[in-house]
Amino acid sequence: FPSHDTGSVERAKEISNAMGVVQPWQVIYSFKCYNSYLLEQELHEHFKTKRVNERREMFAVDKATAQMAIEQLGYRYSTAFWADKLKQINDQKVS
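This text gives an overview of the structure that appears in the document. Predicted model, so just to flag it, every value in this text is computed and none were measured.

**With respect to the overall build of the chain**
Item 1. Across its full length, the chain carries four helices and zero strands.
Item 2. Its helices and strands taken in sequence order, the chain reads α-α-α-α from the N to the C terminus.
Item 3. Long-range pairs, those at least 24 residues apart, make up 57% of the contacts in the chain between residues at least 6 apart in sequence.
Item 4. Summed over its atoms, the accessible surface of the chain is roughly 7100 Å², and 54% of this surface lies on carbon and sulfur atoms.

What follows is the structure, encoded as structure tokens:
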């Protein structure tokens, strides 16, 4: 999942404590982005039909599906997106 300013491990602890789960959440994949809050909101919207419980941040999706969604939705919140945009602008100036 995307990490807020606190980082992935700390965010996993926040969610574990808020949900009162028996086993604490473990980070199995982390995606570095500059606005993890917005990315997390988009992921909630993307997976809303897969939500296990309306009051929980749990979704019935496998790891590969979750990772693919994070990478696809998160691209615009990554430095790679802005590097690509800058390259496009520079390429247009040269043309």
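**Notes on the nonpolar core**
Item 1. Judged by nonpolar contacts, Phe31, Cys33, Leu39, Leu43, Phe47, Ala69, Ile70 and Tyr77 together constitute the single largest core of eight residues.
Item 2. Looking at this core, the elements with two or more residues in it are helix H2 (36–46) and helix H3 (63–74).

**Some remarks on the packing of aromatic side chains**
Item 1. If you walk through the whole model with that rule in mind, you get four aromatic pairs.
Item 2. With centroids separated by 5.5 Å and ring planes inclined at 85 degrees, the aromatic side chains of Tyr75 and Phe81 adopt a geometry described as edge-to-face.
Item 3. By relative accessible area, which is 32% here, Tyr75 ends up partly exposed.

**Considerations on the environment of Lys50**
Item 1. Among the secondary structure elements, Lys50 is positioned in the loop between H2 and H3.
Item 2. What makes Lys50 partly exposed here is its relative accessible area of 41%.
Item 3. For the pair Lys50 and Ala60, spaced ten residues apart in the sequence, the C-alpha separation amounts to 5.2 Å.
Item 4. If we skip the residues at most four places from it in the chain, Lys50 touches Met58, Phe59, Ala60 and Val61.

**Let's talk about H2**
Item 1. Taken together, the buried positions of H2 are Ser36, Leu39, Glu40, Leu43 and His44. Looking straight down H2, one finds its buried side chains confined to an arc of 140 degrees; they lie on one side.

**So, the pattern of salt bridges**
Item 1. Counting across every chain of the model gives three salt bridges.
Item 2. Across the salt bridge formed by Glu45 and Lys48, the nearest N and O atoms sit 2.8 Å from each other.
Item 3. Judged by relative accessible area, Glu45 falls into the partly exposed class, the value being 49%.

Quick notes on the rules
- Residues numbered from 1 in each chain as written.
- Predicted model: local features only at pLDDT ≥ 70, side-chain atom pairs only at ≥ 80, totals over all residues.
- Heavy atoms only, no water.
- Helix = DSSP H or I, 4+ residues; strand = E, 2+ residues; numbered from the N terminus.
- Contact = heavy atoms within 4.5 Å.
- Areas by Shrake-Rupley, 256 points an atom, 1.4 Å probe, with all protein chains shown as cover.
- Core = buried A, V, L, I, M, F, W, Y, C linked by side-chain atoms within 4.5 Å.
- Buried < 20%, exposed > 50% of the residue type's maximum accessible area, 1.4 Å probe, protein only.
- Phe/Tyr/Trp six-rings, centres within 6.5 Å; stacked < 30°, edge-to-face > 60°.
- Arc of directions from axis to C-beta.
- Salt bridge = Lys/Arg side-chain N within 4 Å of Asp/Glu carboxyl O.

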